[in-house]
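Structure at a glance
Here's the letter readout for the chains.
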Amino acid sequence: MTMADLALCADQDRWARQLKWTVSRTGFGARHYRDPRFDLVRELEEVGRLFTV
């Protein structure tokens, strides 16, 4: 099963890793792809809230 899962998602996983995204297997043929740049957006929003009166 694992081999079939990896083969099924190999192209998408490779593409995501080239973009420096994290890849989490969530089930057979299911993935969660995450772009770490969104961490920066969240941090900037939090800093903006600190300076908003």
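Residues numbered from 1 in each chain as written. Predicted model: local features only at pLDDT ≥ 70, side-chain atom pairs only at ≥ 80, totals over all residues. Heavy atoms only, no water.

This part takes up the pairing of strand 2 (residues 30-34). Both strand 1 (residues 22-27) and strand 2 contribute to a ladder of five bridges, which runs antiparallel. Within the sheet, the bridge partner assigned to Val23 lies in strand 2 and is Tyr33. Linking strand 1 to strand 2, which pair antiparallel, is a turn of two residues; within it Gly29 sits at a positive phi near 75°. (Pairing = 2+ DSSP bridges. Helix = DSSP H or I, 4+ residues; strand = E, 2+ residues; numbered from the N terminus.)

Quick look at the packing of aromatic side chains now. Applying the stated criterion to the full structure yields one aromatic pair. Relative to Trp21, the ring of Trp15 has its centre 5.4 Å away and its plane inclined at 70°; by these criteria the two rings are edge-to-face. With a relative accessible area of 23%, Trp21 lands in the partly exposed category. (Phe/Tyr/Trp six-rings, centres within 6.5 Å; stacked < 30°, edge-to-face > 60°. Buried < 20%, exposed > 50% of the residue type's maximum accessible area, 1.4 Å probe, protein only.)

With that settled, the discussion passes to helix 1 (residues 2-18). The largest bend in helix 1 amounts to roughly 60° and is located at Ala10. Taken together, the buried positions of helix 1 are Asp5, Cys9, Asp13 and Ala16. The secondary structure elements touched by the buried residues of helix 1 are strand 1 and strand 2. Looking one or two residues beyond helix 1, the residue adopting positive phi is Lys20, at roughly 70°. (Bend = angle between axes of the 7 residues up to and from the residue. Contact = heavy atoms within 4.5 Å.)

Right, let's get into the pattern of salt bridges. Should their charged atoms come close, side chains of opposite charge can pair. As enumerated under the stated definition, the model contains seven salt bridges in all. The partner of Arg34 in a salt bridge is Asp39, with the nearest N and O atoms 2.3 Å apart. In this structure, Arg37 and Asp35 form a salt bridge, with 2.6 Å as the shortest nitrogen-oxygen distance. With a relative accessible area of 61%, Arg37 lands in the exposed category. Take Asp35: its relative accessible area is 8%, and that puts it in the buried class. Each of the salt bridges in this network shares a partner with another, and the network as a whole consists of Asp5, Asp13, Arg25 and Arg31. (Salt bridge = Lys/Arg side-chain N within 4 Å of Asp/Glu carboxyl O.)

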